[in-house]
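As a plain string of letters, each chain reads:
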Amino acid sequence: MRKFISPEIIFGSGSIELVGQHASNLSPRRVLVVSDAGVREAGWTGSVEASLRNSGLDLSTYDRASANPCVEDVVRGARRYLDDACDLVVAVGGGSPIDCAKAIGIMAASGMDVRWFEGMDRVRVPGPPLICVLTTAGSSADVSPFAVITDREGRKKMTIINRLLVPDLTVIDPATTVTMDADLTTYTGMDALAHAFESYISNASSPLTYLFALEAVKLIAENLPSARQDPKDMGAREQMMLASTYAGLAFSNAGLGPLHAMAHSIGGFHDAMYQQAACALLEHVIEFNHPCAEERYLRLEVAMFGSARGKGPLIDLLGELRRDLGADGGLESIGVRRGDIHRLSENAIHDPCLATNPRPAGRKDVEELYERAM
Ligand SMILES: [Fe+2]
């Protein structure tokens, strides 16, 4: 028996204008809009606020989600939510404001320190209803039961996994992604590719998740280069947004693996873009897992490149794709040093994403993978 979780999904260009209508269906007293400085500057936060106000709703805003949302961001946001007597959260942006909004909700509802929720299934009291308005293709925080919050004191990223974190509604408007620059387009797209790869070979995958993972890798191979090259290519943007949503539904229901455990650890330790780390680790993690998932990697290769020839060619093709996208740097290029590997591995082996990997990965394996990806 398998269960498949998903929020209600509204997909299509122009859907951002419908946020107010959907929010007012919930009859909130006041809405907390969670966003960040970049998304506000791009104009999307303002568009959502206008839609909410046009539907007669009262708003409170919190724009202080960091690129790697941290405990302090969540604490301040939860205080704003409670002080302003809000009862609905609308997150606008990519993974950062959405993860921050999820954590604000569970902290405000329970009154507990957000650090307490780290790991699997530790959330007991559901947060308020959450509507996401997505403006980047990649993280899939808008469909997932994950929230990743940085603990700056502990210099680590905490992964909180709980089905109560699946948003109630996500509004996915591909037109919003035209404001992503070439690098953000590339790395969020490669993160989505990593979601599809890890979830497809995960021990918790199932026929319900295979479809989404395979279709995601196909769409990414076909559309990521065009979306990078021409930000205004709406066809490619729309297909990338779909691919990202498919990959998100796959990993939300099948889990991830060592690539994410290791990339989360880098994101917590360095503040470097976690997607760049995910991109640098992809081929090395495939190499490590290959003996336990040969058949599945072949199927991913067929879906992505049209034919299957095995581990060597798959890794070469992915390397070629990264080079074409200008995303072929190793971990050193994003500021990771060899001296960090010990500490990074310590955090990675405690990340719940490791639990569903088909090949058990211990501390020594993780250290070796970091070494190879330098
Ligand atoms: Fe990811």
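The structure contained in this document is the topic of the report that follows.

Reading guide: rules and limits
Residues numbered from 1 in each chain as written. Predicted model: local features only at pLDDT ≥ 70, side-chain atom pairs only at ≥ 80, totals over all residues. Heavy atoms only, no water. Salt bridge = Lys/Arg side-chain N within 4 Å of Asp/Glu carboxyl O. Helix = DSSP H or I, 4+ residues; strand = E, 2+ residues; numbered from the N terminus. Buried < 20%, exposed > 50% of the residue type's maximum accessible area, 1.4 Å probe, protein only. Donors = N, O, S within 2.8 Å, 3.2 Å for Na, K, Ca; no water. Tetrahedral: all angles 85-135°; square planar, octahedral: opposite > 155°, others 65-115°. Pairing = 2+ DSSP bridges. Contact = heavy atoms within 4.5 Å. Axes fitted to C-alpha atoms, helices over the stretch in contact; angles between N-to-C directions. Left-handed = near helix turned anticlockwise from the far one by under 90°. Nonpolar A, V, L, I, M, F, W, Y, C, P; charged D, E, K, R; others polar. Expected span 1.5 Å × (residues − 1). Polar contact = N/O pair within 3.5 Å; in protein donor to acceptor, adjacent residues only side chain to side chain. Phe/Tyr/Trp six-rings, centres within 6.5 Å; stacked < 30°, edge-to-face > 60°. Lys NZ or Arg CZ within 6 Å of the ring centre and 35° of its normal.

1. A word on the pattern of salt bridges
Working step 1: In total, this model carries 16 salt bridges according to the counting rule given.
Working step 2: Residues D151 and R115 are paired through a salt bridge, measuring 3.7 Å at the closest nitrogen-oxygen approach. Of this pair, D151 sits in strand β7 (residues 146-151) while R115 sits in the loop between α5 (95-110) and β5 (119-120); the two residues are 36 residues apart in sequence, bridging distant segments of the chain.
Working step 3: On the accessibility criterion, D151 (8% relative accessible area) is buried.
Working step 4: Of the charged contacts, one joins R372 and E368 as a salt bridge, the two residues approaching to 3.3 Å between their closest N and O atoms. Here the residue R372 and the residue E368 both occupy positions in helix α14 (residues 363-373), the gap between them amounting to four residues, near one helical turn.
Working step 5: Among the residues examined, R372 registers a relative accessible area of 46% and is labelled partly exposed.
Working step 6: One salt-bridge network, held together by shared partners, links R40, E49 and D63.

2. Brief notes about the coordination of the iron ion
Working step 1: Bound to the iron ion on the protein side are D191 (OD), H195 (NE2), H260 (NE2) and Y274 (OH), at distances that span 1.8 to 2.2 Å.
Working step 2: Here the iron ion is ringed by four donor atoms whose angles at the metal span 93 to 156°, and the overall shape comes out irregular.
Working step 3: Read from N- to C-terminus, the donor residues coordinating the iron ion fall into the pattern D-x3-H-x64-H-x13-Y. Taken as a pair, H195 in helix α6 (residues 182-201) and H260 in helix α9 (residues 258-270) lie far apart in primary sequence, 65 residues in all.
Working step 4: Take H195: its relative accessible area is 1%, and that puts it in the buried class.

3. Structural notes on the sheet that holds β5
The strands making up a sheet associate through backbone hydrogen bonding, with each pair oriented either parallel or antiparallel.
Working step 1: Taking strand neighbours across the sheet as the criterion, the three strands line up as β5-β8-β7 in an open arrangement whose pairing is mixed. Whereas interior strands pair on both sides, the edge strands pair on one side only; in this sheet they are β5 and β7.
Working step 2: Two elements, β7 and strand β8 (residues 156-161), share six bridges in a ladder whose sense is antiparallel. In the sheet register, I149 faces β8, and the bridge partner there is M158.
Working step 3: The sheet contacts of α9 involve β7 and β8, and relative to β8 the element is tilted by about 135°.

4. Some details on the packing of α6 against helix α11 (residues 294-305)
What describes two packed helices is the angle between their axes and the distance between those same axes.
Working step 1: It is the contact of α6 with α11, at a shortest axis distance of 9 Å, that shows an interaxial angle of 145°. Crossing angle aside, the handedness with which α6 passes α11 is right-handed. Along its contact with α6, which presents L193, F197, Y200 and I201, the element α11 presents R296, Y297, R299, L300 and M304.
Working step 2: Residues that form the contact of α6 with α11 fall into these classes: seven nonpolar, no polar and two charged.

5. Quick notes on helix α7 (residues 207-229)
Working step 1: End to end, α7 covers 34 Å across 23 residues, agreeing with the expected 33 Å (1.5 Å per residue, within 8%).
Working step 2: Listed as buried for α7 are T209, A213, A216, V217, L219, I220, N223, L224 and A227.
Working step 3: Looking at the buried side of α7, the elements it contacts are α6, α8 (234-254) and α11.

6. Brief notes about the side chain of S265
Working step 1: Its location among the elements puts S265 in helix α9.
Working step 2: A relative accessible area of 3% means that S265 is categorised as buried.
Working step 3: Polar contacts involving the side chain of S265 include one to the main-chain carbonyl oxygen of L344, which spans 2.7 Å.
Working step 4: Once residues within four sequence positions are removed from consideration, S265 is found in contact with L344, N347, A348 and Y370.

7. Description of the environment of R237
Working step 1: As for its position among the elements, R237 is in helix α8.
Working step 2: Here the alpha-carbon distance between R237 and T136, two residues 101 residues apart in the chain, equals 9.9 Å.
Working step 3: Ignoring sequence-local partners within four residues, the contact set of R237 consists of P174, T177, V178, M180, T185, A227 and P231.
Working step 4: Within the structure, the side chain of R237 is placed 3.3 Å from the backbone oxygen of M180, a separation counted as a polar contact.

8. A closer look at the packing of aromatic side chains
Working step 1: Tallied over the entire structure, the rule returns six aromatic pairs.
Working step 2: Ring geometry for F146 versus F251: centroids 5.3 Å apart, planes at 80°, classification edge-to-face. Of this pair, F146 sits in strand β7 while F251 sits in helix α8; the two residues are 105 residues apart in sequence, bridging distant segments of the chain.
Working step 3: Residue classification places F146 among the buried positions, given a relative accessible area of 8%.
Working step 4: Three or more aromatic residues link up through ring pairs in this structure, and these residues are F4, F212 and Y246.
Working step 5: Here the guanidinium or amino end of R122 rests over the ring plane of W116, the centre of that ring lying 4.0 Å away.
Working step 6: We note R359 situated over the ring of F288; from NZ or CZ to the ring centre the distance is 4.0 Å.

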